[in-house]
Amino acid sequence: MGEDKTAMQVYADIVLPVPFDSFTYSVPASLQERVMRGCRVVVPFGKTKIYTGVVLRTHGQQPQGVEVKSIMEVLDEQPVVNEQQFKFWQWIADYYLCPLGDVYKSALPGAMKPHDEQALKEARRRKPNPLSQEGQTATDFPLCTLNEAQQQAYTEIETAFENKDITLLHGVTSSGKTEIYIHLIYKYMAEGLQVLYLLPEIALTTQITERLHRVFGDKMGVYHSKFTDVQRLNVYKRQISDSPYQLVLGVRSSLFLPFQNLGLVIVDEEHDTSYKQQEPAPRYHARNAALMLAKMFGAKALLGTATPAFETYHLARKGRYGYVQLTQRYLGVQLPEVRVVDLKEMRRKKQMQGAFSLPLIEEIRGALERKEQVILFQNRRGFAHFLECRQCGWVPRCPHCDVSLTYHKKTQMLSCHYCGYVTRVPEKCPNCEEPKLTDVGLGTEKVEDQIAQLFPDATTLRMDLDTAKTRSQCERIIQSFAAHEADILIGTQMVTKGLDFDHVSVVGVLDANVMLNQPDFRSYERTFHVLSQVAGRAGRRNSMGRVILQTRSADSDIITQIAANDYWAMFYQQMQERHDFSYPPFTRLIYVYLRHRDMDLLEHLAQDMAERLRRVFGVRVLGPDCPPVSRIQSLHIRKIVLKLEPTMGVGKVRQALVAIQHEVVAQPVAKNLNVYYDVDPM
Ligand code: ADP
Ligand code: ZN
Ligand code: ZN
C-alpha cells in the first residue's frame with residue numbers, strides 16, 4: 001500500500017520531549033519526500049507551543065477522535081537517529097518503565113531540540129549535516145609498556161573475551177587499570193572499531209582526558225553533561241559524519257550517541273552509584289545499559305573497579321562474566337595504612353577539638369611540617385546539617401519538602417538540598433524568640449572553619465556542590481591542589497573520584513557514620529566503595545600513605561573490613577544478609593512512586609494500587625510506605641516496593657504494571673496522580 005503517496009494522506013508518529021511514547025501528525029504534501037524515520041521535525045503542541053521531535057514512522061492510518069495537526073518543518077536531510085539508537089531507546093523505555101518521550105529528552109543534546117523561535121533559528125544555522133574531517137591522524141601513539149602483572153592481566157582479558165562478552169577487571173587502585181584500558185583501546189581502534197569509555201558523572205577531570213589525549217589525540221571525543229550544548233552538539237554531529245571519533249570518553253549520557261561500529265565498551269569505576277540516573281526519567285543504570293548497548297553491537301564490555309558492585313562480582317563468581325584480577329599497585333607502591341579512631345572514646349577522654357580527634361590533628365600537623373598534602377573527607381556539604389533552637393526545639397524546615405534546611409554559614413543562608421529553596425537565617429527563633437540558634441551536625445564548610453582555627457597557616461581548598469558547581473570550577477580546584485597551591489583539600493564524595501595527587505600523604509575521614517547510617521540496604525557496601533576510594537588517594541607514588549578513619553562504630557565488622565581493605569569479608573557477610581532479607585542481587589527491585597498534592601487522596605490511591613498489584617504479584621508487593629523524604633516540592637510521595645525473582649520475565653512484569661497503572665489513573669479521582677517507576681533502584 002501507499003504506492004501513490006500523493007493520493008493519500010500520510011501521517012507520522014513523532015517522539016516529543018514529553019512523557020508519552022509518540023504523537024501522530026499529518027504530513028503536508030510538500031514535506032512528504034523529506035519526512036523520514038530518524039529525521040527531526042518541528043510541530044505545534046498544545047495551544048501555543050512548538051516542539052522538535054523525531055520521526056518514529058510514517059503510515060496512512062488516520063488517528064480517530066482527535067484533531068490531527070500538521071508538521072511545520074523538517075530540520076534534517078538525512079536521519080540523525082539511526083536504527084541502533086532507536087533499538088536502544090526502546091530497550092531503555094521497556095526495561096526502565098518510562099515513555100519513549102522521556103528517553104528522547106535525555107538522548108539528544110538540547111541544541112538539537114529547539115522549542116522556541118530563537119532556538120529554532122539557531123538550529124537551522126547549525127544543521128548536523130555530515131562534516132568531513134581532515135588531519136585527524138592521532139599523535140604518534142607514546143604507549144607505556146605494561147609491566148609483567150599488567151601484561152598478564154591484559155592477556156587474561158583477551159582470553160576471557162574469546163568466550164565471554166563481559167569481563168570484570170578487579171584491580172586495586174593504582175594497579176594500572178587505566179594503562180590496560182589504553183592498550184585495549186589501541187587494539188580495538190587498530191581493527192577499525194569504535195570504543196566507548198564510560199566514567200562516572202563527576203569524575204571526568206582533565207587528568208584522565210589529558211592522559212588519553214596524549215595517546216589518542218584527536219581521534220578521541222569527550223562528552224560530558226557539564227559541557228555546553230554546542231560542544232555536545234558538535235560531538236553528536238561528528239558521530240553521524242563519515243569520520244566519527246573512534247574513541248568517545250564520556251559520562252552516562254554518551255550511551256545515546258550514534259555509533260557505527262562499536263567494538264568495545266569500558267565502564268570504569270563500574271561500582272559507582274552515580275551511574276544511576278535518579279531524576280528525571282529515564283532512571284537508567286548506565287553500566288547495565290552499556291552492557292545492553294555492547295550486546296546490540298556484538299561488542300565486548302570491560303568493567304573495571306577496585307571494589308566491584310555486588311551485582312557484578314556475583315555474576316563474575318557465577319561464571320557469567322570473565323574475571324581478571326590485579327593485586328599489586330604499580331611499582332609496588334603500598335596501600336595506605338588505615339588507623340581507626342573511636343570517636344566515642346575520644347569524646348570521653350576529651351581528646352577532641354571540634355570534629356578533630358587528637359590523632360588526626362597530629363597526622364595533619366606532621367604532614368604539613370613535611371610539606372605534604374592532606375585530604376579531608378566529609379560527605380555532607382554546607383556548614384551544619386541543620387539549626388536548632390535549644391530552648392524550644394524548633395528546627396527550620398523547607399516549606400515545600402519534608403526536610404530540615406541545611407545551614408550555610410558564609411552566606412548566612414538556609415537551603416533545601418531537595419528543591420533548592422533558600423532563605424536567610426532568622427535573627428531569633430520565630431517560635432520562642434530565643435536569640436541564638438545552635439548548629440547541629442558537620443558539613444564541609446564547618447570542617448574548613450575548624451581547620452582555619454587549628455592550623456591558621458595552612459591553605460585550604462574546598463570541593464563540594466557549593467564550590468564546584470561547574471566543570472571549570474571543579475577543574476580549577478583540582479589543578480590548584482595538584483600544583484600544591486594548597487595544603488589541605490576538604491570535600492564531599494567529589495574528592496574521591498579518579499584523582500591522582502603526588503603529594504598527599506594523609507587522608508582524614510571525619511565521620512564514617514554519615515554514610516554507614518543511611519537507611520538503605522546498600523549503605524555498608526557503598527561506604528566500603530567510597531572509603532576505599534578515598535583511602536586510595538593517600539600515598540600514591542612516593543611514600544606509604546596514612547588514613548585516619550574517625551567513627552562512632554569502631555568495633556563494627558564493617559569498619560574492620562574497611563580498615564583491612566578486605567573486600568571479600570565484606571562481600572561474604574553482606575551477601576548473607578542480602579540473601580536472608582531477599583535483597584538484590586537475589587531479587588530484582590522495582591519501586592513504584594505515586595505523587596499528589598492531596599495527602600489523603602494519595603494515601604487512598606496508593607492503597608488501591610498496592611491492592612491491585614497484590615492480586616497479580618502477591619507477597620512480592622510491600623507497602624505503600626512513606627519514603628524518608630515524603631514530600632518534595634509540595635507533592636506528597638508514597639512508595640510501593642516490588643521484590644521480584646530475577647528469573648521473572650521483564651516483559652510480563654511490564655505488561656502487568658502498565659495495565660494496573662491504567663486502571664488506577666482511569667478513575668476520575670486520580671486525575672492529577674503522578675505514577676513513576678524506579679527499576680533496579682540505587
Ligand atoms: P588505576 O587505573 O588502577 O588506578 P593507573 O593506570 O592510573 O591505575 O596507574 C597508576 C599510576 O601508575 C599512573 O600514574 C600511571 O601512569 C602509572 N603506571 C601504571 N602502569 C604503568 C606502566 N606500565 N608504565 C608507566 N606508568 C604506569
Ligand atoms: Zn525543599
Ligand atoms: Zn525556640
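Since the model is a prediction, treat every value here as computed from it, not as a measurement. (Residues numbered from 1 in each chain as written. Chains lettered and ligands numbered in written order. Predicted model: local features only at pLDDT ≥ 70, side-chain atom pairs only at ≥ 80, totals over all residues. Heavy atoms only, no water.)

Trainee: Tell me about the site of ligand 1, and please be specific about residues and values.
Mentor: Of all residues adjacent to ligand 1, which total 18 residues, the nearest are Thr145, Gln150, Ser174, Thr178 and Arg211. Between an oxygen atom of ligand 1 and a main-chain N or O atom of Gly176, the distance comes to 3.0 Å. Arg211 places a polar side-chain atom, nitrogen or oxygen, 2.8 Å from an oxygen atom of ligand 1. Relative to its unbound accessible area of 550 Å², ligand 1 is 82% covered by the protein chains. Sort the elements by how many residues they give to the shell around ligand 1 and helix α5 (residues 177–190) lands first, with three residues. Looking at side-chain class alone, the shell around ligand 1 contains four nonpolar, eight polar and six charged residues. Counting contributing residues, the shell around ligand 1 receives three or more from each of domain 2 (148–331) and domain 3 (333–384 + 441–577). (Near = heavy atom within 4 Å. Polar contact = N/O pair within 3.5 Å; in protein donor to acceptor, adjacent residues only side chain to side chain. Areas by Shrake-Rupley, 256 points an atom, 1.4 Å probe, with all protein chains shown as cover. Helix = DSSP H or I, 4+ residues; strand = E, 2+ residues; numbered from the N terminus. Nonpolar A, V, L, I, M, F, W, Y, C, P; charged D, E, K, R; others polar. Domains from an automatic or database assignment.)

Trainee: Tell me about the domain arrangement of the chain, and please be specific about residues and values.
Mentor: Domain annotation of the chain identifies domain 1 (5–125), domain 2 (148–331), domain 3 (333–384 + 441–577) and domain 4 (588–679). Computed from C-alpha coordinates alone, the two centres of domain 1 and domain 3 are separated by 49 Å.

Trainee: Please give an account of the nonpolar core that cites residues and values.
Mentor: The biggest cluster of nonpolar side chains holds 117 residues, and the ones touching the most others in it are Trp89, Leu255 and Met609. When neighbours within four sequence positions are excluded, Trp89 is seen to be in contact with Val81, Leu100, Val103, Tyr104, Ala107, Leu108 and Phe256. Of all hydrophobic cores here, the second largest spans 30 residues; its members include Ile180, Tyr181, Tyr197 and Leu302. (Core = buried A, V, L, I, M, F, W, Y, C linked by side-chain atoms within 4.5 Å. Buried < 20%, exposed > 50% of the residue type's maximum accessible area, 1.4 Å probe, protein only. Contact = heavy atoms within 4.5 Å.)

Trainee: Give a detailed account of the environment of Ser404, specifying residues and quantitative values.
Mentor: Structurally, the position occupied by Ser404 is in the loop between β17 (386–388) and β18 (406–408). As for Ser404 and His385, which are separated by 19 residues in sequence, their C-alpha atoms are 8.2 Å apart. Not counting the four nearest positions on each side in its chain, Ser404 is found in contact with Phe386, Val395, Pro396 and Arg397.

Trainee: Which residues make up the coordination of the zinc ion (ligand 3), and what values do they have?
Mentor: The coordination sphere of the zinc ion (ligand 3), as far as protein atoms go, consists of Cys389 (SG), Cys392 (SG), Cys429 (SG) and Cys432 (SG), spread over 2.3 Å. When the donors of the zinc ion (ligand 3) are listed by position in the chain, the intervening gaps give C-x2-C-x36-C-x2-C. What makes Cys389 buried here is its relative accessible area of 1%. Among the residues examined, Cys392 registers a relative accessible area of 34% and is labelled partly exposed. (Donors = N, O, S within 2.8 Å, 3.2 Å for Na, K, Ca; no water.)

Trainee: Describe the environment of Met515, listing the residues and the values that go with them.
Mentor: In this structure, Met515 sits in helix α14 (residues 513–516). A residue is classified by how much of its surface remains accessible, and Met515, at 9% relative accessible area, is buried. Setting aside its immediate chain neighbours within four residues, Met515 contacts Phe377, Asn379, Gln493, Ser523, Arg526, Thr527 and Val530.

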